[in-house]
Structures are given as structure tokens and as C-alpha cells.
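An overview of the molecular structure
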Amino acid sequence: MRKKLINSDTMRPHSQEEWLDLEEIAGVEVTSEDPNFPIEAALAAGEGSGWRAAEKGTQIIRIVLDNPRTLHWIRLEFSETEIERTQEFTLRWSNEAAGSFREIVRQQWNFSPQAQPAKSKIIRSS
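Residues numbered from 1 in each chain as written. Predicted model: local features only at pLDDT ≥ 70, side-chain atom pairs only at ≥ 80, totals over all residues. Heavy atoms only, no water.

1. A word on a negative patch on the surface
- A cluster of like negative charges, contributed by Asp21, Glu23, Glu24, Glu33 and Glu40, occupies part of the molecular surface.
- One can find glutamate 40 in helix α2 (residues 39–43). (Patch = residues over 30% accessible without salt bridge, like charges linked within 9 Å, V, L, I, M, F, W, Y side chains within 5 Å. Areas by Shrake-Rupley, 256 points an atom, 1.4 Å probe, with all protein chains shown as cover. Salt bridge = Lys/Arg side-chain N within 4 Å of Asp/Glu carboxyl O. Lys, Arg positive; Asp, Glu negative; His and termini not counted. Charge placed at Lys NZ, Arg CZ, Asp CG, Glu CD. Helix = DSSP H or I, 4+ residues; strand = E, 2+ residues; numbered from the N terminus.)

2. Things to note about the packing of aromatic side chains
- Within the structure shown, the criterion is met by 4 aromatic pairs.
- Note on tryptophan 109 and phenylalanine 111: the rings are 5.8 Å apart at their centroids and 70° apart in plane angle, and the pair reads as edge-to-face.
- Among the residues examined, phenylalanine 111 registers a relative accessible area of 1% and is labelled buried.
- Against the face of phenylalanine 37 rests arginine 52, its NZ or CZ located 4.1 Å from the ring centre. (Phe/Tyr/Trp six-rings, centres within 6.5 Å; stacked < 30°, edge-to-face > 60°. Buried < 20%, exposed > 50% of the residue type's maximum accessible area, 1.4 Å probe, protein only. Lys NZ or Arg CZ within 6 Å of the ring centre and 35° of its normal.)

3. Focus: the environment of serine 100
- Note that serine 100 resides in the loop between β4 (85–93) and β5 (102–111).
- Those residues in contact with serine 100 that lie beyond four places of it in its chain are Trp93 and Ser94. (Contact = heavy atoms within 4.5 Å.)

4. A word on the pattern of salt bridges
- Tallied over the entire structure, the rule returns 5 salt bridges.
- In this structure, arginine 62 engages glutamate 29 in a salt bridge whose closest nitrogen and oxygen atoms are separated by 3.0 Å. Taken together, the positions of arginine 62 in strand β2 (residues 61–65) and glutamate 29 in strand β1 (residues 26–30) put the pair 33 residues apart, joining distant regions of the chain.
- Between glutamate 103 and arginine 106 there is a salt bridge, and its shortest N-O distance comes to 2.8 Å.
- The exposure class of glutamate 103 is partly exposed, given its relative accessible area of 39%.

Take a look at the structure:
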């Protein structure tokens, strides 16, 4: 077995140029959206205000690429600074527009902002 110590920064793209421009190559569908926190604010390059649902309950954000492509990195970031709650997300993919979905990852965690603002990041390679 060979082992090599690496810097965690080598595993992630360093600049915005390395991320896909979703405005140019994809459409997005959402089940609910707070007008003050639109999905575009979460998907645009750089720092945005993020997305929030207008309604409680299960939410779906579906990113539909115009043309199939291989993805090597998917970055998700969740932040809650106001209320204590449990969060769960599931990431799925399909190789067909009307095809069935295959689960890639599922995660659940608790936010407790009064104790310490919580943030959870998932970076998953394909």
C-alpha cells in the first residue's frame, strides 16, 4: 500500500472559473421560494444571500443540465443562524430527463445557533 499526505486544498477547485456557470448551461426548478432569498442567489458564482423556501416541509431543488456532462465535484453549503432545527438533504441524479433517480448521498444534522452558529458543508466527487 502506498500512502501520501496531501493538502486538502488540492482536492477542491480554487477559483470561480473552475465551477460550472449554471446560468448558461442549466435550468432550475424549486418547489417553494422566499422572494427575498431566490434560488439564483444560492447558485450564482461568488457570495450570495442563499436560498430559502417560502413554505415549511420537504423541498426540492432540481438542476436540469441542458446537455449531459460528467461532474467531478458538487458543493453544497447549509447555514442556519436563527432557529434550532434538524436538517436533512438527499442528493440524487438521473441520466435521463424523465428517468428514475439514483441516490448519491443523504445526510442529516442538527443546527443549534444559540450554542454556536452551525454550518455544514458537503463536497462529494463523482
